[in-house]
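Descriptive structure summary
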Amino acid sequence: MPSSTRPRPRPRPPSTAMAVNGVESRDWAEMPSDALATVFGKLDVSDLLTGAGLVCRAWRQLAATDTTLWRRVALSSPCNHMENKEAEAMARTAIDRAAGTLDVFWADTFVTNDLLFYVSQRAPSLKSLKLSFCLQWMLEALKGFPQLEELDITICVLCGDLCEPIGKACPQLKCFRMNMDCGPNWNMDDTEALGIANNMPELRELQLIGNNLSNDGLISILDHCLHLESLDIRQCFHVQMDDALKSKCARIGNLKLPHDSISDFKYRDICVFSCGSEDDALL
């Protein structure tokens, strides 16, 4: 047959890996779902909701239906100028996608009473709750977290004695952090310390940076919280570490005292400003 009449070879169908101008390209929409879930699991909630989870139909489907991606929800606002309402809307979407499997919820500033109730109604197995700089939150919502093991309320607006009802609402609490924006001129007050001592017997870790408890309050905690392994009372300037108190604290493996440095504390600048001089904080 003359060469001019020979049939031309048919082009190969496109594949997931092709050479374009000598550079290999891939159809990322066909990535195996288990591999994609591993990648998604390393992303922040905000990145997943506003970026990767919107790339294509397959990625949107995985982000919307794989509840394992939403067991840990951590959101900050507004470091990227995100409005509080937008942050709250994102939190609600993430909570819905967890479909009752949410274990960890960490947020700051934008958390409202309504949002906390929303979490409590949809996350009955929540284990860890961290709130910082929140202007509103209600104790009533904590009654929806009977399995809570870790509670961190750092520099939040709190009203009244909350430690006693918190301990009663969350009987499995093992880690409690309540770090306050206060100073050495504030009156000595053991109300919170006694609430902890009498209602949180399972505690392993306690952090009370900037609290106004006295030696008596600390002794009560040490006498009643017998499982305590870590105690942080930095910036608690009403506590005077005499020999008797040092002896009681000897069993605590990780102990940080009132004048110890707070250089490793995330909100150290606020505590240095409010709770004592910079020289005190660096002792």
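Residues numbered from 1 in each chain as written. Predicted model: local features only at pLDDT ≥ 70, side-chain atom pairs only at ≥ 80, totals over all residues. Heavy atoms only, no water.

Describing helix H8 (residues 191-199)
- Among the residues of H8, those classed as buried are Ala193, Gly195, Ile196, Ala197 and Asn199.
- Elements that come into contact with the buried residues of H8 comprise helix H7 (163-169), strand S7 (175-177), strand S8 (205-207) and helix H9 (215-224). (Buried < 20%, exposed > 50% of the residue type's maximum accessible area, 1.4 Å probe, protein only. Helix = DSSP H or I, 4+ residues; strand = E, 2+ residues; numbered from the N terminus. Contact = heavy atoms within 4.5 Å.)

Some thoughts on the pairing of strand S4 (residues 104-108)
- Burial within S4 is extensive, with four of its five residues counted as buried.
- As judged from the five bridges shared by S4 and strand S5 (residues 128-132), these two strands associate in the parallel manner. Within the sheet, the bridge partner assigned to Phe105 lies in S5 and is Leu129.
- In this region the chain leaves S4, passes through helix H5 (residues 113-122) and returns to the parallel neighbour S5; the handedness of that crossover is right-handed. (Pairing = 2+ DSSP bridges. Right-handed = clockwise from strand over helix to strand, strands pointing away.)

Quick notes on helix H4 (residues 84-98)
- In this model H4 runs 21 Å from its N-terminal to its C-terminal C-alpha over 15 residues, within 8% of the 21 Å that 1.5 Å per residue would give.
- Among all positions of H4, only Ala87, Glu88, Met90, Ala91, Ala94, Ile95 and Ala98 are buried. Viewed end-on, H4 has its buried residues packed into an arc of 160°, placing them on one side of the element.
- Looking one or two residues past H4, Ala99 carries a phi angle of roughly 50°, positive in sign. (Expected span 1.5 Å × (residues − 1). Arc of directions from axis to C-beta.)

Topic: the packing of H4 against H5
- Packing of H4 against H5 leaves a shortest axis separation of 10 Å and a crossing angle of 5°. As summarised for this structure, H4 and H5 are arranged roughly parallel, according to the angle between their axes. Packed against H4, whose contacting residues are Glu88, Ala91, Arg92, Ile95 and Asp96, the element H5 presents Asp114, Leu115, Tyr118, Val119 and Arg122 at the interface.
- Broken down by class, the residue content of the contact of H4 with H5 amounts to five nonpolar, no polar and five charged. (Axes fitted to C-alpha atoms, helices over the stretch in contact; angles between N-to-C directions. Parallel < 35°, antiparallel > 145°, perpendicular 65-115°, else oblique. Nonpolar A, V, L, I, M, F, W, Y, C, P; charged D, E, K, R; others polar.)

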